Protein chains: 4
Amino acid sequence: MAGSSFGTHFKVTTWGESHGKGIGSVVDGCPAGVPLCEADIQTFLDRRKPGQSKFSTARKESDAVEILSGVFEGKTTGTPISLIVRNEDQRSRDYGEIASYYRPGHADYSFDEKYGFRDYRGGGRSSGRETIGRVAGGAVAAKALDMLGISFLTYARAIGPATISCSPGDLLAKDPADVREQIMSNPLYMPDDVAAERAQKFLTECMEQKNSAGGVIECIITGMPAGIGEPVFDKLDANLAKAIFSIGAVKGFEIGDGFASAASTGLCNNDSFEMRGGKVSVSTNHAGGVLGGVSSGAPIIFRAAVKPTPSIAAPQKTVSKSGKDIEISIHGRHDPVIVPRAVVVVESMAALTVLDLMMENMGARMESLQAFYHRPAR
Amino acid sequence: MAGSSFGTHFKVTTWGESHGKGIGSVVDGCPAGVPLCEADIQTFLDRRKPGQSKFSTARKESDAVEILSGVFEGKTTGTPISLIVRNEDQRSRDYGEIASYYRPGHADYSFDEKYGFRDYRGGGRSSGRETIGRVAGGAVAAKALDMLGISFLTYARAIGPATISCSPGDLLAKDPADVREQIMSNPLYMPDDVAAERAQKFLTECMEQKNSAGGVIECIITGMPAGIGEPVFDKLDANLAKAIFSIGAVKGFEIGDGFASAASTGLCNNDSFEMRGGKVSVSTNHAGGVLGGVSSGAPIIFRAAVKPTPSIAAPQKTVSKSGKDIEISIHGRHDPVIVPRAVVVVESMAALTVLDLMMENMGARMESLQAFYHRPAR
Amino acid sequence: MAGSSFGTHFKVTTWGESHGKGIGSVVDGCPAGVPLCEADIQTFLDRRKPGQSKFSTARKESDAVEILSGVFEGKTTGTPISLIVRNEDQRSRDYGEIASYYRPGHADYSFDEKYGFRDYRGGGRSSGRETIGRVAGGAVAAKALDMLGISFLTYARAIGPATISCSPGDLLAKDPADVREQIMSNPLYMPDDVAAERAQKFLTECMEQKNSAGGVIECIITGMPAGIGEPVFDKLDANLAKAIFSIGAVKGFEIGDGFASAASTGLCNNDSFEMRGGKVSVSTNHAGGVLGGVSSGAPIIFRAAVKPTPSIAAPQKTVSKSGKDIEISIHGRHDPVIVPRAVVVVESMAALTVLDLMMENMGARMESLQAFYHRPAR
Amino acid sequence: MAGSSFGTHFKVTTWGESHGKGIGSVVDGCPAGVPLCEADIQTFLDRRKPGQSKFSTARKESDAVEILSGVFEGKTTGTPISLIVRNEDQRSRDYGEIASYYRPGHADYSFDEKYGFRDYRGGGRSSGRETIGRVAGGAVAAKALDMLGISFLTYARAIGPATISCSPGDLLAKDPADVREQIMSNPLYMPDDVAAERAQKFLTECMEQKNSAGGVIECIITGMPAGIGEPVFDKLDANLAKAIFSIGAVKGFEIGDGFASAASTGLCNNDSFEMRGGKVSVSTNHAGGVLGGVSSGAPIIFRAAVKPTPSIAAPQKTVSKSGKDIEISIHGRHDPVIVPRAVVVVESMAALTVLDLMMENMGARMESLQAFYHRPAR
């Protein structure tokens, strides 16, 4: 198990610590023939790069990616793609303090219990920087998915109490290019200017109070063919749930109407089928595009709850490694909210999940094997 | 991938359709020396058996389990444990009708798209009966976990609008035996008599209106050691999310405060550490027992949103296999709510997840390998 | 890991002990639409059934297979196929003796060391009966491979000192139906009547001396497309090596010229390419059809060395469970040679390996994904 | 599957091409607390480094390894260890020639068939340089195994017709330090000076004839506890077979007496048990230390057949990419024999296999889980 790999066919293995020499990932199983260059990946990494607004850490990290293998003459070769981002701007301050106690809301204590000791510099492996490897891998997956007509709309639905007023259905009714532009037009990646403004005001207050905020990220996947997902344990929604929950600060995941459907009734919650343009379609999408764990062809819609940044400057009680009750305040350059930078991480994990299951699905019918290997069906 | 196996060390592979010859699972990787007999498993299966109240289907299925392998002289041998439940009471009515259209909220359409055809009898592989294999496997895991001091409290938190008034903390403050007794005292497995009564009233109304209800299942795991879960993709909460989301009707999953934490702040949401009885403890448990994907030693608390039963007798619009818009009403013996019978399924999946990660964790430190293989640490 | 599953896409999980209630396997990931009935599988099982000649154990086991799931209206549905063979003819003699000592050449001691105890009845899980689950699964794989134009010729190359005089090339030059008929015409499955006669004479001597024999099994796979196998760890020959070595009595595996190639030179051992009928072909096949772990389109040729049956009636020294040096002689009904009955086991494991890698290979090129999902290549 | 990862608990993922930016691997699942520095790994890499004698390619590659993650304060942290070797000395000569035809004995043709195109520079991913990632990972595994008392003796048993005269038993009777010194004393890693001299003479002839040689590598693993290996598909010998066969030029694998046992009889081939120093031991070791796929505590002994280097300067027939019969001669700097440099690759793959199964074995008994988690056995 080991735990640093994700996917079966399209498999990403990440490595690296916050203050080690670098962060990276190995993408194994990428089909040969996907046009790929570093700029394709950098675009994704830049969306999670810090220092882009006053609402993200002031750390300066260029996070420039280098492709070390697996690409030849501008195309993937089918062999592992090794991606590396060298770490920079690791302040040489004394980490001895962090080493000596357990920060609330962080993995310090649970890592020490598991491994006996930990790389305490900047959170080590449990740092948010670990997601660089995922985003780099996710960018490759997204490139391949784009060639299959599959697109993502991912944005902040809520930050603290500020929630966007539009539903996924509202956004799907617009031109995707316009929605993407609006998302990118504010530093919080919210497709609603009013909510974005309220969120910024709330975040400013949090920062003044040495406090932090959480929020909700929403993702819409369009262009999904029907039939993706394996019926029992590798359901599309189950694999998405794991993928999204494997992101550090995520505390909740729901698909379609999610928790709201628990309070609904069968009559309201069932999505009727209807013929539309000669195609079987759903008239509503309470299910979020998944039936029995398998995509129905409707857009996939899911949400992730992100907890408030645990690193806050306000004083907190905790215990020292030597077992004493103490009070600390965490200084340093921390994001007052993780949500905006996590948007692309959510999108990356979704891309990895979907592509992996689409590859799996190619073996679902014997007639597909016969067609692939040029054997007449009988 | 294939999709019918769960777990790496303690691995369950399920098989079977609603109206085939039977349902079962193979449990591979169970440690040798766990006392096990059919009654241990039957107790779990009986909790999901239909026909126990007017709120579950009137189908009569004894669901009697047979152990076919892996147990010798009353103990597991370390080799695969094959478990089988023969199907009974499959009414020989004409299934032709179901075969000819796509039931809303069911996997009929997505399965047809995936495989080209489907075993339509009673939902085939996408039937809730598939969970029998999970529960049988989960019962074995729970037996082993009990030997490690780990227990589960699983119950319905909400059914439709009826929600229990006690928090996990309230229940943890009571004698677990009393809580379990209260849960078992009503057919809805709610640890709150007032809520249970309201829920029953609501369900009766639903049934009168040929409608159905959903709800929320909550699970508390106590006795968890710290250090369980792998830091990146195989986080304890990520694997739980997948496990629970792989259950048919689940549409949401959250751990600790879940979606509520998204609206909280760092100061409120962080759980302070404190020394208690010489042990590092958390003063609150907003995190639900997991930090950085690894257990902290606090109780694990999570919730699953379960959608309303999609099979309802009220008329619904849908399309036929031949592509015509039609209206149907689904007759037969269906549960007006899945939640009570799904409680033990949730517990089983949680048990499988936790035991698997506890086995994985045994290799986390070199000193453990040295102790196991009787080599002096150096 | 757990160890009772084989394959990634087409995955077989076996279970069962020699003297438990039965033996079986679950085949997960079989493509939907393969015509399948019990007779397809029984044909394979009958080839390993005991009691067919004086050179196999006199035990009477009908080994009748039952399909429990995964087949509907005569075709596989894409869901797990559960296969079971109930055990019969388990003599109720006292196994206490076997329980009290370690048989040389058997897994008694190593199992006790691993698990602390063992199901000693007839070898338990380490019995040759475990292969029933593999053969049942292999029969399903072979059915699918036949639909892809892939066939197997598997036979005994040598039993003790008696070796067939024809090379794989000689056999490939004949009509496959004739070769198959010749193989089936003698109880040792040798495609050479002279060698078969010599082998029978040798076996008769062995039996008189309460001794046993080993041999070599050879397998030729024809109709293989080029491109099957993954370049690094999941090479076609590496996966075959594991598959074949996982059969109990196998002590050696070689592909193409195998160990002979180690004493050859580059000039002799390299297979030149040449155009034949407009197709790239090899002029010789020292490599056995695999280059860099990937099939070249030439027939796959491999051999397995099978050790002599360890259960012999002649007196042997060993130790008792209580740690005393003792002398034993093993009575009961044992095969004087395992080779003939292992022929179909080798073929089954090869079929499982090849089909799994053929499914994996479908995702090797992006243009294949685009064709599958009906997206124009760009 | 994807194919570039090996192992379940201790998992190595390799990446890199011969003429790309570098070669490397990610080691995931290494227990925390193993002292590790670059010199530990460099020692292994230096054993496969070219240019150390006239019998290996004249290419100059320092193959200096850099640890990028997973080590803190001189010890492994339990998180992924990323290892990289930058490529050097890639001659900027025209590879256009190799691109235009298929070299006999190489993966050129099978890769083209699989992926549609290939990185032809120096063999790309199918180059022997790919093994750098394995050796780097194997060095880490060997370090951990050394802490568990497990050692390796790996050497060339034969090169062309020159075979060493000592048996594994002879070598085991000597002081391991002396054997290791003798192995390292000649450039062919043979523990027999006479055979080494004959081999060098044979190789000199081969080089004069623009030809190449193969050979046999033998490996002895000492200090193995009993009980390692999983009974059915993940047998110790099956996993070793796959591990060794995944090395490019390997064409045969045998354990213990291997193919010779096929011609032996039960009486000769069975290893009697006997009490020795109060311990159950085997009086002979025809089995090579494995019974029923599980280690018996005796030394593990296996051999690999390595084919002659396919790149030879003598003229050969082949076909061009455009489908014409042509004649080529391969120039460049190629090893006349791969065996000596492959010795450490075999040892590395064996180390990876053994450690992975030793970690798996820790969960074989329930009493071990209880001891680990400090629960009283009942």
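Higher on the page you've got the structure.
Remember, it's a predicted structure, so these values are computed and weren't measured experimentally.

> Outline the pattern of salt bridges, supporting the account with residue identities and numerical values.
Side-chain pairing between opposite charges can occur once the charged atoms of the two side chains come close. Residue and element names in this part refer to chain A. Under the definition given, this model contains 84 salt bridges over all chains. Note that aspartate 63 is salt-bridged to arginine 48, the shortest N-O span being 3.5 Å. Pair noted here: aspartate 63 is in the loop between α1 (38-48) and β4 (65-67) and arginine 48 is in helix α1, with a separation of 15 residues, a long-range link. With respect to class, aspartate 63 is no different from arginine 48; both count as buried.

> Provide a residue-level description of the nonpolar core, including the pertinent values.
Core analysis: the biggest nonpolar cluster contains 384 residues, and Phe302(A), Phe302(B), Phe302(C) and Phe302(D) have the highest contact counts within it. Each residue touching Phe302(D), except ones within four places of it in the same chain, is listed here: Ile217(D), Glu218(D), Cys219(D), Ile221(D), Leu240(D), Ile244(D), Phe253(D), Glu254(D), Ile255(D), Val346(D) and Ala350(D).

> Go over the relation of the copies chain B and chain D with me, naming the residues and quoting the values.
Take chain B, turn it by 180°, move it 0.0 Å along the axis, and it overlays chain D with an RMSD of 0.0 Å. Look at the turn and shift together and you get a two-fold axis relating the two. Ranked by how close their C-alpha atoms come to the rotation axis, the residues of chain B are headed by Met362(B), at 3.6 Å. Take the interface residues of chain B: 100% of them recur as interface residues in chain D, which is what a same-surface contact looks like.

> So what's going on with the relation of the copies chain A and chain B? Residues and values would help.
Structural alignment of chain A on chain B gives an RMSD of 0.0 Å, achieved by rotating through 180° and translating 0.0 Å along the axis. Take the interface residues of chain A: 99% of them recur as interface residues in chain B, which is what a same-surface contact looks like.

> Explain helix α11 (residues 339-361) of chain D residue by residue, including any values.
Each α-helix winds once per 3.6 residues, and so residues spaced three or four apart point in a common direction. Relative to the 33 Å expected for 23 residues at 1.5 Å per residue, α11(D) spans 32 Å between its end C-alpha atoms, a close match to the ideal helical length. Burial of α11(D) is extensive: 23 of the 23 residues sit out of reach of the surface.

> Describe the interface of chain B and chain D, naming the residues involved and giving the relevant values.
Contacts between chain B and chain D engage 30 residues on the former and 30 residues on the latter. Carbon and sulfur atoms make up 68% of the surface buried where chain B meets chain D, a total of about 2800 Å² over both sides. In terms of surface lost to chain D, no three residues of chain B exceed Met362(B), Met366(B) and Tyr373(B), which account for 27% of the buried area on that side. Taken together, the connections running from chain B to chain D amount to 0 salt bridges. Inspection of the chain B/chain D interface yields 8 residue pairs in polar contact (both at pLDDT 80 or more). Of the residues in the side of chain B that touches chain D, the class split is 17 nonpolar, 8 polar and 5 charged.

> Provide a residue-level description of the pairing of strand β10 (residues 215-222) of chain D, including the pertinent values.
Residue and element names in this part refer to chain D. For β10, a buried count of 7 out of 8 residues is recorded, marking the element as mostly surrounded by other parts of the structure. Here strand β8 (residues 151-159) runs beside β10; their pairing, made up of 8 bridges, is antiparallel. Residue pairing across strands places phenylalanine 152 opposite isoleucine 221, the latter belonging to β10.

> I'd like a rundown of the packing of helix α4 (residues 131-147) of chain D against α11(D), residues and numbers included.
Residue and element names in this part refer to chain D. Contact geometry of α4 with α11 gives a least axis separation of 7 Å together with a crossing angle of 50°. As far as their axial angle goes, α11 and α4 are oblique. In this structure, the crossing between α4 and α11 has a hand that is left-handed. In this structure, α4 contributes Thr131, Arg134, Val135, Gly137, Gly138, Ala141, Ala142, Ala144 and Leu145 to the contact, and α11 contributes Val344, Val345, Ser348, Met349, Ala351, Leu352, Val354, Leu355 and Met358.

Conventions used here
Residues numbered from 1 in each chain as written. Chains lettered and ligands numbered in written order. Predicted model: local features only at pLDDT ≥ 70, side-chain atom pairs only at ≥ 80, totals over all residues. Heavy atoms only, no water. Salt bridge = Lys/Arg side-chain N within 4 Å of Asp/Glu carboxyl O. Helix = DSSP H or I, 4+ residues; strand = E, 2+ residues; numbered from the N terminus. Buried < 20%, exposed > 50% of the residue type's maximum accessible area, 1.4 Å probe, protein only. Core = buried A, V, L, I, M, F, W, Y, C linked by side-chain atoms within 4.5 Å. Contact = heavy atoms within 4.5 Å. Least-squares fit on C-alpha atoms with pLDDT ≥ 70 in both. Expected span 1.5 Å × (residues − 1). Buried area = accessible area lost by both parts, 1.4 Å probe. Polar contact = N/O pair within 3.5 Å; in protein donor to acceptor, adjacent residues only side chain to side chain. Nonpolar A, V, L, I, M, F, W, Y, C, P; charged D, E, K, R; others polar. Pairing = 2+ DSSP bridges. Axes fitted to C-alpha atoms, helices over the stretch in contact; angles between N-to-C directions. Parallel < 35°, antiparallel > 145°, perpendicular 65-115°, else oblique. Left-handed = near helix turned anticlockwise from the far one by under 90°.

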